[in-house]
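# Structural overview
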Amino acid sequence: MRQTLPGLGATLPRVRRGGCIVAVLCALLAVAANAHAASVCGHFGRPAVASDARPHALRVFAIQFRQAPASMTSADSFKRAIDCAMRTEVAPHLARGRANLVVFDEDIGLETLAAGSRGARARALLRQGVPSCSGQASPCTTLATLSAIDQGYGRALAYLGDRFPKLNEQLGRAFVAATDQFVRTFMTTMAVEALRYRVYVVASNTQAPFALTRNPGAVAALRDPADKHVHAVYAPTQGLAYDQTFIWGPRIVHHHAAPPLANLLRVNRKVPLTGFELALGFAQGPAGGPAAAANLRPVAIPGTGARLGFATSLPAFEYGSPALGHECSDVSVTYMRCLDKLGANVVIQADANDGPWSGTDGMELWQPLSWMGSAYRAVTDLSVHFAYAVNPFMVGNLADTPFDGQTAILERGRRGAGCHYVGNGALVAGDDLPQFASYAGSKSQFLALAPWAAPDGPRPALRSVGASLAAGTGPRRYVQTAVIADLPFPLDRNRPGCLVAGR
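These notes cover the structure that comes with them. Along each chain, numbering runs from 1 in the same order as the chain's sequence is written. Since the coordinates come from a predicted model, pLDDT governs what is reported: local features require at least 70, and pairs of side-chain atoms require 80 or more to be given and counted, while whole-chain, interface and lining totals use all residues. Only hydrogens and water are set aside; all other atoms, that is, all heavy atoms of the structure, feed into the side-chain values.

Two cysteine sulfurs form a disulfide in these notes if their separation is within 2.5 Å. Going through the model one piece at a time under the given rule, you end up with three disulfides. Covalent S-S linkage joins Cys-133 and Cys-140, the inter-sulfur distance amounting to 2.0 Å. Measuring the twist about the S-S bond at about -80 degrees, one finds the Cys-133-Cys-140 disulfide to be left-handed. Throughout this description, buried means an accessible area under 20% of the type-specific maximum (1.4 Å probe, protein chains only), exposed means over 50%, and partly exposed covers the range between. Judged by relative accessible area, Cys-133 falls into the buried class, the value being 7%.

Before going further, it helps to spend a moment on the nonpolar core. One broad rule of soluble globular proteins: the nonpolar side chains tend to lie buried together. The biggest cluster of nonpolar side chains holds 46 residues, and the ones touching the most others in it are Met-336 and Phe-446. Here a helix means four or more residues in a row that DSSP labels H or I, a strand means two or more in a row labelled E, and each is numbered from the N terminus. Secondary-structure elements contributing two or more residues to this core are helix H11 (289-296), helix H12 (331-341), helix H14 (375-378), strand S17 (408-411), strand S18 (446-449) and helix H15 (459-471). The leading source of residues in this core is H12, at five residues. Residue contacts are counted whenever heavy atoms from the two residues lie within 4.5 Å of one another. In this structure, Met-336 is in contact with Ala-311, Pro-315, Ala-316, Glu-318, Tyr-319, Val-347, Ala-378 and Phe-386, ignoring residues within four places of it in sequence. We call a set of buried Ala, Val, Leu, Ile, Met, Phe, Trp, Tyr and Cys residues a nonpolar core when their side-chain atoms join them within 4.5 Å.

For two strands to be treated as a pair, DSSP must find at least two bridges joining them. Here seven strands make up an open sheet; going across it, the order is S11-S12-S13-S14-S17-S18-S20 and the pairing mixed. Only two strands of the sheet have a single partner each, and these edge strands are strand S11 (299-300) and strand S20 (499-500). Relative to S17, strand S14 (residues 388-391) runs antiparallel, the two sharing four bridges. Paired with Val-390 across the strands is Ile-409, a residue of S17.

Now for the pattern of salt bridges. Any carboxyl oxygen of Asp or Glu that lies within 4 Å of a side-chain nitrogen of Lys or Arg is treated as forming a salt bridge with it. Going through the model one piece at a time under the given rule, you end up with 18 salt bridges. Residue Asp-486 pairs with Arg-98 through a salt bridge whose shortest N-O separation is 3.2 Å. Within this pair, whereas Asp-486 is found in strand S19 (residues 481-487), its partner Arg-98 is found in the loop between helix H2 (75-90) and strand S5 (100-103), the two being separated by 388 residues in sequence. For Asp-486, a relative accessible area of 0% gives the class buried. Owing to a relative accessible area of 17%, Arg-98 belongs among the buried residues under this scheme. The partner of Asp-180 in a salt bridge is Arg-184, and the shortest N-O contact between them spans 2.9 Å. Of this pair, Asp-180 and Arg-184 both sit in helix H7 (residues 179-197), four residues apart, which is roughly one turn of the helix. The class for Arg-184 is partly exposed, based on a relative accessible area of 30%. When salt bridges that share partners are traced, they join Asp-52, Arg-54, Glu-411 and Arg-495 into one network.

A cis amide bond links Val-271 to the next residue, Pro-272, at an omega of 0 degrees. Considering the arrangement of structural elements, one finds Pro-272 in the loop between strand S10 (264-269) and helix H10 (275-280). Even without being glycine, Asp-107 reaches a positive phi, approximately 60 degrees. Here Asp-107 shows up in the loop between S5 and helix H3 (120-128). Unlike most non-glycine residues, Ser-313 shows phi in positive territory, near 60 degrees. Position of Ser-313 relative to the elements: it lies in the loop between strand S12 (307-310) and H12.

See below:
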């Protein structure tokens, strides 16, 4: 029997149930547990834990993950990296008798593009550089790396090009060609981790809708060439990739689904998209009508009072000025007001911020100040009602494209001492736009905050650090860590806050 899960765009074969709820999933868990038991995790630093252990408070883990695509020699490389984060940052701090939610960054599945033989050429470029890009500005090396990925996925692209004629016009076509890799590696890893640690997991990736198929031509074209024993693959059902945020639960809910989908609860498609994403040819989620409302519909975490609303990066900045009753008419300009209208009280803002944290944002010359218009605004704007905002960042370089930021969890109305992103201590004339004046200075809404690669200081010094991070030179390194907070309802406004994770 074949089954389609609503909203997921995936058709799945029935899986026979055995002694475990899903036999295939149990086998994966057993193999993964043995493989990871002896692995050694790198240093993550000391997480910040803003505890408030009242009954039914949701405990949230925001993981600031450092990508390392050059080290993704196989799918197991990604699985080990994620399980290291779970064992190092999550397992020792799990709340007992309450729900736990682990939130990874936007596009955390991106580096799996470089895994295996199809990514070998791209990994070599990431390690050795691209001579023809010497002296040229970003994204020269990034585009060369994408071209190498296209070559690695040449067989898949040739097969899919016949089915989706416009695919080869897209700069980001490899994100469609890698569908089987993404589902088999990224999605399965996250699904398994949620079940292993009995937690909810939120993670994001840019990929196409898919269906499982045993078609011999599809299998030959789309599977990893090194795995000759694969007889079914996850094939794209559209020639388009969407930036998608997924949430997996701590138990099986789709008893006849394949492992990546057996505990999948919801998918959100990003809308609107950044200029970089549009240039890559990615598709955005629905902007209006019932489909847009369904895409933004909050996810309730049972027993906690939390209703999660997903606002992946750019959408978290989009408020607009809609007429009353039209908050969801065009979510590409009123995204946050629609989330509020639909009843979300916890904003999940996963981020892969492509650019130096110490860089510019349009006319604003200091990005950490303009960034306050997202997660911080969500818990301070009086026209919306969000109680909490959770904003994890990807950090690390993808070729010559840096990704950076400071992961934070914020609470509406908290009283007490404040803190701020680096360089935000005061408004700087000549750098900062007047409309951002209220964002400068210490803010008590921060429950927990990740440190940057360097301590706070004058902006010229911070810019120098940012430039060295982007270039991969100097002694400073991107910070991989986690910030953790309990989210009780009603809010506890007198709780300790502004806890900063250690390096």
